[in-house]
Amino acid sequence: GQNIDQPTEMTATEGAIVQINCTYQTSGFNGLFWYQQHAGEAPTFLSYNVLDGLEEKGRFSSFLSRSKGYSYLLLKELQMKDSASYLCAVRDSDYKLSFGAGTTVTVRA
Amino acid sequence: IAGITQAPTSQILAAGRRMTLRCTQDMRHNAMYWYRQDLGLGLRLIHYSNTAGTTGKGEVPDGYSVSRANTDDFPLTLASAVPSQTSVYFCASSPYVGTGSSEQYFGPGTRLTVT
């Protein structure tokens, strides 16, 4: 099984940078995903990492270290619309996803 | 293109009743999934189907059943609902099962309350 940990809540100011950490313990690893979920809505895909290193996609970047069981999602130039929950998910050797409980990010003006 | 649709949007159900949550996708995705989302616990996999005609158990399958008669539909049935099944249920699909960034696409969810 998987054990996935991420902070419960984070608060940041509009225009700032926030880093959401995710640590995992896995019986099999086949990639790590980040999803965004606005309140009352469905999760939507943000990023995917399977090799060590940084993947950049506009204002969002995701980093993976497989040896440390660690990933982070970096949100730059925060906007009010970035207020949401961010879900870290690990895909196992059977290609099923296990999700962390999510990190609620609040962006303040 | 609708993507993934779920019905109903919300439902209040008496304990002991049978209920089927519907999920339909029009993306011709091979794999489909059912999750429940509870506060503080995140998304947990109930059942999945890697391709039409096959199903498998996820992390929390007890009390639920699924079928996958065709590519598009993946209904979830609660045979006899209990209050602990009060949750938000999300259906998801992905193009294929395997390596690569085959991300999952989620439906809008069904909010179920069992009284």
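Scroll up a little and you will see the structure.
Treat the numbers as computed from the prediction; the structure is a model and nothing was measured. (Residues numbered from 1 in each chain as written. Chains lettered and ligands numbered in written order. Predicted model: local features only at pLDDT ≥ 70, side-chain atom pairs only at ≥ 80, totals over all residues. Heavy atoms only, no water.)

### Quick look at the pattern of salt bridges
Cut-off, in case you're wondering: One side-chain nitrogen of Lys or Arg within 4 Å of one carboxyl oxygen of Asp or Glu is enough to make a salt bridge. Helix and strand assignments come from DSSP, with helices taken as H or I runs of at least 4 residues and strands as E runs of at least 2, each series counted from the N terminus. Each residue is placed in one exposure class: buried if its accessible area under a 1.4 Å probe, protein chains only, is under 20% of its type's maximum, exposed if it is over 50%, and partly exposed if it falls in between.
The tally for this structure, following the rule as stated, stands at 7 salt bridges over all chains. One salt bridge in this structure joins Arg66(A) and Asp52(A), with 3.0 Å as the shortest N-O distance. Note that Arg66(A) is positioned in the loop between β7 (60-65) and β8 (70-75) and Asp52(A) in the loop between β5 (44-49) and β6 (53-57), a separation of 14 residues in sequence. A relative accessible area of 41% means that Arg66(A) is categorised as partly exposed. Within this structure, Arg36(B), Asp38(B) and Arg44(B) form a network of salt bridges that share partners.

### What to know about the interface of chain B and chain A
Counted only if it meets this: A contact between two residues is defined here by any heavy atoms of the two lying within 4.5 Å. Buried area is calculated as the accessible area (1.4 Å probe) missing from two parts once they are joined, with the contributions of both summed. Polar contact is defined as a pair of N or O atoms within 3.5 Å, subject to the rule that within protein one atom must be able to donate a hydrogen and the other to accept it, and that residues adjacent in sequence are counted only when both atoms are side-chain atoms. Classification used: nonpolar for Ala, Val, Leu, Ile, Met, Phe, Trp, Tyr, Cys and Pro, charged for Asp, Glu, Lys and Arg, polar for all others including Gly.
Facing the 20 residues of chain B at the interface are 17 residues of chain A. Ranking the residues of chain B by area buried against chain A places Leu43(B), Glu103(B) and Phe106(B) at the top, with a combined share of 27%. Our count for the chain B to chain A interface comes out at 0 salt bridges. Connecting chain B to chain A are 2 residue pairs in polar contact (both at pLDDT 80 or more). Of all elements in the fold, only β4 (31-38) and β5 (42-49) of chain B reach the threshold of two or more residues within the side of chain B that touches chain A. Sorting elements by how many residues they give to the side of chain B that touches chain A places β5(B) first, with 4 residues. The residue makeup of the side of chain B that touches chain A, split by class, is 9 nonpolar, 10 polar and 1 charged.

### What to know about the pairing of β6(A)
Within a regular beta strand, the side chains point alternately toward one face of the sheet and then the other, so they alternate between its two faces. Residue and element names in this part refer to chain A. What counts is decided by this rule: Pairing between strands requires that DSSP locate at least two bridges from one strand to the other.
Looking at chain direction, β6 and β7 are connected through 5 bridges and run antiparallel. The partner of glutamate 56 across the bridge, within β7, is serine 61. Turn length for the β6-β7 hairpin, with the two strands adjacent in sequence and antiparallel, is 2 residues, and the turn residue glycine 58 shows positive phi of about 65°.

### Quick word on unusual backbone geometry
In this chain, Ala7(B) is followed by Pro8(B) through a cis amide linkage whose omega measures -5°. Checked against the element boundaries, Pro8(B) lands in the loop between β1 (4-7) and β2 (10-13). A positive phi is found at Tyr95(A), a non-glycine position, where the angle reads about 70°. With respect to the helices, strands and loops of the structure, Tyr95(A) is situated in the loop between β9 (84-91) and β10 (97-99). Not every positive phi belongs to a glycine, and Arg28(B) is a case in point at roughly 60°. Mapped onto the elements, Arg28(B) comes out in the loop between β3 (19-25) and β4. For Arg28(B), a relative accessible area of 56% corresponds to the exposed category.

### Describing the sheet that holds strand β3 (residues 18-26) of chain A
Residue and element names in this part refer to chain A. Selection criterion: For helices, the fitted axis covers only the stretch in contact; all axes are lines through C-alpha atoms, and the angles between them, taken along N-to-C directions, range from 0 to 180 degrees.
Reading across from one edge, β1-β3-β8-β7-β6 is the order of the 5 strands in this open sheet, with antiparallel pairing throughout. Only two strands of the sheet have a single partner each, and these edge strands are β1 (2-5) and β6. The sheet shows a mean angle of 15° between the axes of neighbouring strands, direction not considered.

### Notes on the environment of Ser83(A)
Residue and element names in this part refer to chain A. If you trace the backbone, serine 83 turns up in the loop between β8 and β9. Judged by relative accessible area, serine 83 falls into the partly exposed class, the value being 26%. Along the backbone, serine 83 and glutamine 37 are 46 residues apart, and their C-alpha atoms lie at a distance of 9.2 Å. In contact with serine 83, other than residues within four places in its own chain, are His38, Val105, Thr106 and Val107.

These figures come from the coordinates and say nothing about function on their own.
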